[in-house]
Amino acid sequence: MTSELFSPLPLRSGAVLGNRIAKAAMEENMAGDGQLPDRRLAALYRRWAAGGAGLLITGNVMVHAEALTGPAGVVLDDAAPLEPFTEWATAAKSGGGAVWMQINHPGRQIQAAMPGVVWGPSAVGVDLGKHSSRFGRPVAMTPEQIEATVARFAVTAARAEAAGFDGVEIHAAHGYLLSQFLSPLVNRRTDAWGGPLENRARMLLDVVRAVRAAVSPSFAVAVKLNSADFQRGGFDAADARQVIAMLAPLGVVLVELSGGSYESPAMSGRPADARTQAREAYFLDLAKDLVTTSPLPLMLTGGITRRATAEQALADGVALIGMGTALAVTPDLPARWRDGREADRHLRPVNWSDKALASAAGMAQVRHQLRHLARGTHPTPTTHPAYALLTEQLQQRRALRRYRTWLPTTRGAAIADRPA
């Protein structure tokens, strides 16, 4: 029986995706020496490439060497060598699908122990209650820093194309920098980048324009956008609808819908709004509403594990189905669906009452599976989340020591600790 899941998806750039299934971005935290992709990332993406997805989107690649989501983040700036990225792209395309690089700046969502900078639209810190001290104290960006950051996104996109990637996805969701500018809770500026939505969206629109101008017309430019922040008074579905309309004339080929941030981790199935908890396709209801007015194709990501759910999303008007955790546990799930089979393994649930800690443990569980895949071994979805979290914390400490040594010697950055 044929399924729209396995029909091609033409994009306005002229490219055609082989099917409607995408491996969504998951932060791998696997940078090798010099914050570069190495054989582990190549092996991981070669395994996904053989799994049957029409599109692979990388975990977020940092545009600014002094601003990383974590010490094992990959950096592609104007000083990074291209060869490791070329090898990564080649591995990701070895199965015949396309690969896009997700490009990102974390803004204020940077660990307190990290060297470098913590920037935001305003000096509003991450509020995680008793866990707030895990993040650095942000300073409001100057207009010059905003313009320099826009230029960094364009540089990273151009270099991704030179390395052989088929497109980029600009990350404007999950509470990272561009999402922070969109949020009325975080963006309290009174200048041209703050206030009404048109101003709060300015940085994202400037980034899209700069990226589009830096790459060829056939190179895909997509945006990842929150359908909602799941915080009272925050960025909501009505805002998302307007931003999608703003993006349409700028050459964007697709918008991926997600939701949440570190403060309300809806992307991991634990938003502040309890009504969306413990559901598959976390953001489908919002997507069904947005798709009725969207001038751009929409990709839906968040909790999808079963073919029937994916097909229902397509029937509701979504153009592309994104999966993350499901492919960390079952990397050949698209091929299984084509054969009429489902996943036979699922990640152990994290039912801790501390939402922030549960979200961190859940992400650590996923990355634990990614390391298994990169080694060529089978995932271990029954791994206890506490073990995965502890193991990751030890690895992050080693990575932080390497990053602290690398950053000042290669990018001339200061390494002084930020105040706690």
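Look up: the structure comes first, before these words.
Being a predicted model, the structure only gives us computed values, none of them experimental. Counting from 1, residues in each chain are numbered in the order their sequence is written. The predicted origin of the model limits local features to residues at a pLDDT of at least 70 and limits the giving and counting of side-chain atom pairs to 80 or more, whereas totals for whole chains, interfaces and linings rest on all residues. Only hydrogens and water are removed before side-chain values are computed, so all heavy atoms of the structure are retained for them.

Caption draft 1: Representation of the environment of Asn19 in the model. Counting from the N terminus, the helices are DSSP H or I runs at least four residues long and the strands are E runs at least two residues long. In this structure, Asn19 sits in the loop between β2 (16-17) and β3 (21-23). As for Asn19 and Gly54, which are separated by 35 residues in sequence, their C-alpha atoms are 4.8 Å apart. Contacts: residue pairs with any heavy atoms within 4.5 Å of one another. Beyond its immediate stretch of four places on either side in the chain, Asn19 contacts Leu5, Phe6, Ser7, Pro8, Gly52, Ala53, Gly54, Leu320 and Arg338. In this structure the side chain of Asn19 is engaged in a polar contact, spanning 3.0 Å, whose partner is the backbone nitrogen of Ile21. Two N or O atoms count as a polar contact when they lie within 3.5 Å, although within protein this holds only if one can serve as hydrogen donor and the other as acceptor, and sequence-adjacent residues are included solely when both atoms are side-chain atoms.

Caption draft 2: Seen up close, the pattern of salt bridges. For this document, the term salt bridge refers to a Lys or Arg side-chain nitrogen within 4 Å of an Asp or Glu carboxyl oxygen. This model, assessed by the stated rule, comprises 18 salt bridges. The closest approach of N and O atoms between Asp38 and Arg40, which form a salt bridge, is 3.3 Å. Accessibility expressed as a relative area gives 30% for Arg40, which makes it partly exposed. The residue Asp332 makes a salt bridge to Arg336 at a minimum N-O spacing of 3.1 Å. Salt bridges here are not isolated pairs; linked through shared partners, they connect Glu27, Arg367, Arg371 and Glu392. Classification of residues uses two cut-offs on accessible area relative to the type maximum, computed with a 1.4 Å probe and protein chains only: under 20% is buried, over 50% is exposed, and between them is partly exposed.

Caption draft 3: Quick peek at helix α7 (residues 237-247). Here α7 has its buried residues at Ala237, Asp239, Ala240, Val243, Ile244, Met246 and Leu247. Buried residues of α7, viewed axially, fall in a sector of 165°; they line one side. What the arc covers is the set of directions going from the helix axis to the C-beta atoms.

Caption draft 4: A look at helix α1 (residues 39-49). Three or more residues of α1 are buried, namely Leu41, Ala42, Leu44, Tyr45, Trp48 and Ala49. One side of α1 carries all its buried residues, which in axial view fall inside an arc of 165°. Looking at the buried positions of α1, the neighbouring elements they touch are β3, β4 (55-57), α2 (83-92), α10 (325-329) and α12 (355-375). N-capping of α1 is provided by Asp38, with a side-chain oxygen placed 3.0 Å from the backbone N of Arg40.

Caption draft 5: Spatial organisation of the packing of α7 against helix α8 (residues 284-291). Here the axes come from fitting lines to C-alpha atoms, over the contacting stretch only for helices, and the angles between their N-to-C directions go from 0 to 180 degrees. Put simply, α7 and α8 touch, their axes get as near as 10 Å, and they point 45° apart. It follows that α7 is oblique to α8 by the angle criterion. Between α7 and α8 lies a crossing whose hand is right-handed. Residue-level inspection shows Ala237, Ala240 and Arg241 of α7 in contact with α8, the latter providing Leu286, Asp289 and Leu290. Should an angle fall under 35 degrees it is taken as roughly parallel, and over 145 as roughly antiparallel, whereas 65 to 115 is taken as roughly perpendicular and any remaining angle as oblique. By convention the crossing between two helices is left-handed if the near helix lies anticlockwise of the far one by an angle smaller than a right angle, and right-handed if it lies clockwise.

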